[in-house]
Amino acid sequence: MLRGFYSAASGMLAQQRQQEALSNNLANSTTPGYKADQSTMRAFPELLMQKMGSKEIPTQSGGLKLPVNQDIGSMNTGVYVQEEIPDFAQGDIRETGILSDMALVNGNLPDEAGGLFFTVQGTDGEQRYTRNGNFTVDGQGFLTTQSGNYVLDSTGNSIQTGGMDFNVTEDGVLEAGGQATPLGITYTDDVNQMVKDGGNLFRFEGEEGQAVVNARAADGVTFSIQQNFLERSNVDTSQTMVEMMNSYRLFETNQKVLKAYDQSMDKAVNEIARVR
């Protein structure tokens, strides 16, 4: 019976984490370039239940009898949220009319799990990656994210625009003050190696030998940059709300099962086991 407590409780915890992920997706449904998290659940190992010494059978020599264990069946011991994986599907593109807004539009990607990103500088000085092209220009004339992270060029340096008077070509070259600076557009053949790092940024955590590369140098990769446009979040708000309701119902179901076990335990301890 105690195993039932643990199974029901694990179901409640799993649905609570599911609700947190869905709530975060819904809260970021208007964040440019946001990629929705998808929770994957996994069952704990099943147990084969047996009834010990349920029968006795005679041996060929006669006389001696050996206990036989009778299989009852398997029992599931609950579920847990294994991981949360971002969905890197391209979001819708909308026009904003703001010069510093840029939408990175996927072209040809030779790898099914491949992805393209803007390159920015993290607070620790290391490179980070984002799909959020909602950029601005700081007081020193550098192109930055709304959080103040420098947007990097193809050589890993910050980009000086000198103000808001600049142009970005479709192939990702920023033209300002008579200079042309290619934006740092990176490509990875496996977006599952990208881990969310806060502020709508990703960091690369690939295995040894793997790396993100300059998208312009990657074979078969094409893309385009649309100035005055932004990529919207790929969160489907209607579907997310339906999933939240379903998750809440599953949480309630596990809660009722837990309450039923509690009532059974109460009866077993206070009524059946009462000494008369």
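Throughout this document, residue positions are counted from 1 along each chain, in the order its sequence is written. In keeping with the predicted nature of the model, local features appear solely for residues at pLDDT of at least 70, side-chain atom pairs appear and are counted solely at 80 or more, and the whole-chain, interface and lining totals rest on all residues. Side-chain descriptors were evaluated using all non-hydrogen atoms of the structure, hydrogens and water having been removed beforehand.

Considering the overall build of the protein
We count a stretch as a helix when DSSP gives it H or I for four or more residues in a row; a strand needs E for two or more, and each element gets its number in order from the N terminus. Summing up its helical and strand segments, the protein has two helices and 19 strands in all. Sequence-distant contacts in the protein: of pairs separated by 6 or more residues, those separated by 24 or more amount to 68%. Summed over its atoms, the accessible surface of the protein is roughly 16,200 Å², and 48% of this surface lies on carbon and sulfur atoms. Working rule for contacts: check all heavy atoms of both residues, and any pair within 4.5 Å makes them a contact. Working definition of accessibility: Shrake-Rupley area with a 1.4 Å probe, residue cover restricted to the visible protein chains.

As for the side chain of Asp37
Checked against the element boundaries, Asp37 lands in strand β1 (residues 37-43). Only protein chains enter the accessibility calculation, which uses a 1.4 Å probe; a residue is then buried when its area is under 20% of its type maximum, exposed when over 50%, and partly exposed in between. Overall, the relative accessible area of 12% leaves Asp37 in the buried class. Polar contact criterion, stated in full: a pair of N or O atoms within 3.5 Å, where within protein one must be able to donate a hydrogen and the other to accept it, and residues adjacent in sequence count only if both atoms are side-chain atoms. Side-chain polar atoms of Asp37 contact the side chain of Lys196, separated by 3.3 Å. If sequence neighbours within four positions are ignored, Asp37 has contacts with Asn24, Asn25, Glu84, Ile85, Pro86 and Lys196.

Examining the pattern of salt bridges
Each reported salt bridge corresponds to a side-chain nitrogen of Lys or Arg within 4 Å of a carboxyl oxygen of Asp or Glu. The full count for this structure, using the stated rule, is nine salt bridges. Note that Arg131 and Glu231 form a salt bridge whose closest N and O atoms lie 3.0 Å from each other. Residue Arg131 is found in the loop between β8 (127-130) and β9 (135-137), and its partner Glu231 is found in strand β19 (residues 229-231); the two are separated by 100 residues along the sequence. As far as burial versus exposure is concerned, Arg131 and Glu231 are alike and both buried. Through salt bridges with shared partners, a single ionic network connects Asp124, Arg128, Asp197, Arg203 and Glu205.

Describing the layout of surface pockets
In the cavity and pocket records, a cavity denotes points on a 1 Å grid over the protein atoms alone where a 1.4 Å probe fits but cannot get out, a pocket denotes an open set with protein on both sides within 12 Å along at least 5 of 7 lines, and lining residues are residues with an atom within 4 Å of a point. Grid points are joined across faces, edges and corners, and a volume is the space filled by probe spheres set on the points. Quantified by volume, the largest pocket comes out at close to 230 Å³. What lines the largest pocket is a set of 15 residues, among which Asn25, Ala36, Asp37, Gln38 and Glu243 lie closest to the centre. Breaking the lining of the largest pocket down by element, the ones donating at least two residues are α1 (2-27), β1 and α2 (237-272). With four residues, α1 is the single largest residue contributor to the lining of the largest pocket. Residues are grouped as follows: nonpolar covers Ala, Val, Leu, Ile, Met, Phe, Trp, Tyr, Cys and Pro; charged covers Asp, Glu, Lys and Arg; every other residue, Gly included, is treated as polar. Partitioning the lining of the largest pocket into residue classes produces four nonpolar, seven polar and four charged.

Let's talk about the side chain of Thr181
On the secondary structure map, Thr181 appears in strand β13 (residues 179-182). Relative accessible area serves as the criterion here: at 17%, Thr181 is assigned to the buried category. Filtering out sequence-adjacent residues up to four positions away, Thr181 remains in contact with Asp153, Ile159, Gly172, Val173 and Leu174.

Here's the deal with a nonpolar patch on the surface
The residues that make up patches have over 30% relative accessible area and no salt bridge, and they are joined within 9 Å when like-charged or within 5 Å when they are Val, Leu, Ile, Met, Phe, Trp or Tyr. A cluster of nonpolar side chains, contributed by Ile98, Leu99 and Met164, occupies part of the molecular surface with about 240 Å² of accessible area. By the element assignment, Met164 lies in the loop between β10 (143-145) and β11 (167-168). According to the relative accessible area criterion, Met164 is partly exposed, its value standing at 37%.

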